[in-house]
Amino acid sequence: QVQLVESGGGSVQAGGSLRLSCSASRSIFSINYGGWYRQAPGKEREMVARITSGGTTAYANSVKGRFTISRDNAKNTVYLQMNSLKPEDTAVYYCNAEVSDSSAGYPYTNVNYWGQGTQVTVSS
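The structure contained in this document is the topic of the report that follows. (Residues numbered from 1 in each chain as written. Predicted model: local features only at pLDDT ≥ 70, side-chain atom pairs only at ≥ 80, totals over all residues. Heavy atoms only, no water.)

## Describing the sheet that holds strand β7 (residues 67-72)
Okay, step 1: Strands sit in the order β1-β3-β8-β7 across an open sheet of four strands; the sheet is antiparallel. Pairing within the sheet leaves two strands with one partner each, and these edge strands are β1 (4-7) and β7. With strand direction ignored, the average angle separating the axes of adjacent strands in the sheet is 15°.
Okay, step 2: Direction of pairing for β7 relative to strand β8 (residues 77-82): antiparallel, over a ladder of six bridges. Along β8, the bridge assignment pairs I69 with L80. (Pairing = 2+ DSSP bridges. Helix = DSSP H or I, 4+ residues; strand = E, 2+ residues; numbered from the N terminus. Axes fitted to C-alpha atoms, helices over the stretch in contact; angles between N-to-C directions.)

## Let's talk about the nonpolar core
Okay, step 1: Residues W36, V48, F67, L80, M82, Y93 and V99 are the most contacted members of the largest nonpolar core, which totals 30 residues.
Okay, step 2: The element best represented in this core is strand β9 (residues 91-101), accounting for five residues.
Okay, step 3: In this structure, L80 is in contact with L18, R19, L20, W36, V48, A49, F67, T68, I69 and Y93, ignoring residues within four places of it in sequence. (Core = buried A, V, L, I, M, F, W, Y, C linked by side-chain atoms within 4.5 Å. Buried < 20%, exposed > 50% of the residue type's maximum accessible area, 1.4 Å probe, protein only. Contact = heavy atoms within 4.5 Å.)

Printed below as a string of structure tokens:
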């Protein structure tokens, strides 16, 4: 089992910035796919940003131009830089990743995991 550990959430004023991090809890081979989702009270979980193993990114229209997803392959970490935050960005943010696990040897297993969620609150 692999756990995705999230950090960087918190409370900020509108216009502020936060940087979320998502890292594997132990040694793995790689993160093949990484993404960030969010869920506000009473709403469905929605995709915010995603990044492929090749570095291709995609964003929800609501965050395009304000959020940037990136990855550090050496650290097996996915980041979400959030700038110009708005009150409507308030939600629990979840990391999602497909992990290539090398702990049992070859062939490596590819498993999808979710982070525990981190609260982001933006006040007006």
